[in-house]
Amino acid sequence: MGDADAGVFLETERLALRRFGPDDVERLVELDGDPQVMRFLTGGKPSAREWVEGELLPRYLECYRRYGDLGWWAAEERAGGAFLGWFEFRPTREGERSEVELGYRLRRAAWGRGYATEGARALVRLGFAELGVERVVAYTMTVNAGSRRVMEKSGLSYVRTFHEDYPEMIPGSEHGEVEYALTLGEWRARSGILGA
């Protein structure tokens, strides 16, 4: 794990995860401007620049202030530094670190290259081995087969299907959302790690 204040928070073989900053607005607007990236989130509608600047980025920065080593992380290629998207690894309940939500949103150019699984596995390992996390959860639309595969390859298992009331239905939302999870005990058993 790197020093988050100095830039890189976590490195994998091919990825560098770092904190977001004010100069990332354009990257986030571009990411959320791709209808395919947003297909299972908004039905393809882009995020407005005003929302990214006024709500999204301030939420990321506040999470760093509160938790330091939990939050949303910009993902870049270690070789070349190209912006790939982001990973989310943040508490599900205010003030508690025991359960975190894992998420990811990558540019289309990064799809199908194993980046999502690589980053997710590294965050899961870091969370259980060093950050005091006891349970990792992840959510996606039932029909989002690609994201579900990443969750499974990252060690999470299907927990349930549920239905939310959304202001606008998007294609596939009639099939509901799925929850996947992995506990510290399950991770230790699969990793062959006993004790801490």
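About the cut-offs
- Residues numbered from 1 in each chain as written.
- Predicted model: local features only at pLDDT ≥ 70, side-chain atom pairs only at ≥ 80, totals over all residues.
- Heavy atoms only, no water.
- Phe/Tyr/Trp six-rings, centres within 6.5 Å; stacked < 30°, edge-to-face > 60°.
- Helix = DSSP H or I, 4+ residues; strand = E, 2+ residues; numbered from the N terminus.
- Buried < 20%, exposed > 50% of the residue type's maximum accessible area, 1.4 Å probe, protein only.
- Pairing = 2+ DSSP bridges.
- Axes fitted to C-alpha atoms, helices over the stretch in contact; angles between N-to-C directions.
- Contact = heavy atoms within 4.5 Å.
- Right-handed = clockwise from strand over helix to strand, strands pointing away.

K.L.:
Hey, could you run me through the packing of aromatic side chains in this one?
P.N.:
Any aromatic ring pair is given by two values, namely how distant the centres are and how the planes are angled relative to each other. Under the definition given, this model contains eight aromatic pairs. Centre to centre, the rings of Phe20 and Tyr60 are 5.1 Å apart; their planes meet at 40 degrees, and the pair counts as tilted. You can see Phe20 sitting in the loop between β2 (15-19) and α1 (25-32) and its partner Tyr60 sitting in helix α3 (residues 49-67), a full 40 residues away along the chain. Residue classification places Tyr60 among the buried positions, given a relative accessible area of 2%.

K.L.:
How should I be thinking about the sheet that holds strand β8 (residues 177-183) in this particular structure?
P.N.:
Strand-to-strand pairing in sheets goes through backbone hydrogen bonds, with the strands running parallel or antiparallel. If you trace the eight strands from one edge of the open sheet to the other, you get β1-β2-β3-β4-β5-β6-β8-β7, paired in mixed fashion. Bordering the open sheet on either side are β1 (8-11) and β7 (157-162), each of which pairs with just one other strand. Averaged over all pairs of adjacent strands, the angle between their axes in this sheet comes to 30 degrees, without regard to strand direction. Where strand β3 (residues 71-77) lies against strand β4 (residues 83-91), six bridges are found, and the strand directions are antiparallel. Bridging from a neighbouring strand, Trp73 pairs with Phe87 of β4. Contacting β5 (99-106), β6 (135-141), β7 and β8, helix α5 (residues 145-153) runs over the sheet at an angle of about 165 degrees to β6.

K.L.:
What am I meant to see in the pairing of β5 here?
P.N.:
Successive residues of a regular strand alternate their side chains across the two faces of the sheet. By the criterion of burial, β5 is predominantly enclosed, with eight of the eight residues buried. What you see with β5 is no split at all: Glu99, Glu101, Gly103 and Arg105 on one side and Val100, Leu102, Tyr104 and Leu106 on the other are buried throughout. Here seven bridges tie β4 to β5, and the two strands are oriented antiparallel to one another. Bridge pairing links Phe89 to Leu102 in β5. Here β5 runs beside β6; their pairing, made up of three bridges, is parallel. By the bridge assignment for β6, Val100 is matched with Val136. Between the parallel elements β5 and β6, the chain passes through helix α4 (residues 115-129) in a crossover that is right-handed.

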